[in-house]
Amino acid sequence: MENSHRFFSNKECKYYPCHEMEGELNCLFCYCPLYPYECIGNYRMIEKDGRKVKSCRECTFPHQPGNYDRINELIKTLKKREDD
């Protein structure tokens, strides 16, 4: 895919690829905007330093090029719930 406002692949990044997945990896959401929420991605809760944290190591949801619109809609919905 060509880099645009909906897709960006940073193959120069020292962490690329950050996830094992087939196809192109979208780096636009390198830090997942769904991290603070109960998201629909493939995450696990793990214990680290005596506390529970969200591990997104196996989640490729934000990196799949076709999920740009879904992520933006989820953010809007989750933010609206927070504000109500």
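Residues numbered from 1 in each chain as written. Predicted model: local features only at pLDDT ≥ 70, side-chain atom pairs only at ≥ 80, totals over all residues. Heavy atoms only, no water.

(A) Quick look at the overall build of the protein chain. For the protein chain, the helix and strand inventory stands at one helix and two strands. Element order for the protein chain, N to C, with α for helix and β for strand: β-β-α. For the protein chain, the C-alpha atoms occupy an extent of roughly 35 × 35 × 20 Å along the three principal directions. A total of 84 residues make up the protein chain; the buried ones form 30% of that total. Sequence separation of at least 24 residues holds for 44% of the intrachain contacts in the protein chain that already meet a minimum separation of 6. Carbon and sulfur atoms make up 49% of the accessible area of the protein chain, which totals about 6500 Å². Positive and negative side-chain charges of the protein chain, numbering 14 and 14 respectively, have mean locations separated by a distance of 4 Å. (Helix = DSSP H or I, 4+ residues; strand = E, 2+ residues; numbered from the N terminus. Buried < 20%, exposed > 50% of the residue type's maximum accessible area, 1.4 Å probe, protein only. Contact = heavy atoms within 4.5 Å. Areas by Shrake-Rupley, 256 points an atom, 1.4 Å probe, with all protein chains shown as cover. Lys, Arg positive; Asp, Glu negative; His and termini not counted. Charge placed at Lys NZ, Arg CZ, Asp CG, Glu CD.)

(B) Just the side chain of Asn 26, in detail. Within the fold, Asn 26 resides in the segment before strand S1 (44-48). The exposure class assigned to Asn 26 is buried, which follows from its relative accessible area of 1%. A distance of 3.1 Å separates a polar atom in the side chain of Asn 26 from the backbone oxygen of Arg 6. One polar contact links the side chain of Asn 26 to the main-chain amide nitrogen of Phe 8, over a distance of 3.0 Å. Ignoring sequence-local partners within four residues, the contact set of Asn 26 consists of Arg 6, Phe 7, Phe 8, Pro 62, His 63 and Pro 65. (Polar contact = N/O pair within 3.5 Å; in protein donor to acceptor, adjacent residues only side chain to side chain.)

(C) Layout of the packing of aromatic side chains. Overall, the coordinates contain two aromatic pairs when judged by the stated rule. Centroid distance Tyr 31 to Tyr 35: 6.2 Å. Interplanar angle 45°. Geometry classified as tilted. In this structure Tyr 31 comes out as exposed when scored by relative accessible area, which is 58%. (Phe/Tyr/Trp six-rings, centres within 6.5 Å; stacked < 30°, edge-to-face > 60°.)

(D) Quick look at the side chain of His 19. Its location among the elements puts His 19 in the segment before S1. The class of His 19 is buried, set by a relative accessible area of 12%. For His 19, the side chain forms a polar contact with the side chain of His 63, separated by 3.4 Å. Residues contacting His 19, with those up to four places away along its chain left out, are Leu 25, Cys 56, Arg 57, Cys 59, Thr 60 and His 63.

(E) Up close: the nonpolar core. If you look at the biggest cluster of nonpolar residues, it comprises eleven residues: Phe 29, Cys 32, Leu 34, Tyr 37, Cys 39, Tyr 43, Cys 59, Phe 61, Tyr 68, Ile 71 and Leu 78. Those residues in contact with Tyr 68 that sit more than four places away from it in its chain are His 5, Arg 6, Leu 28 and Phe 29. (Core = buried A, V, L, I, M, F, W, Y, C linked by side-chain atoms within 4.5 Å.)

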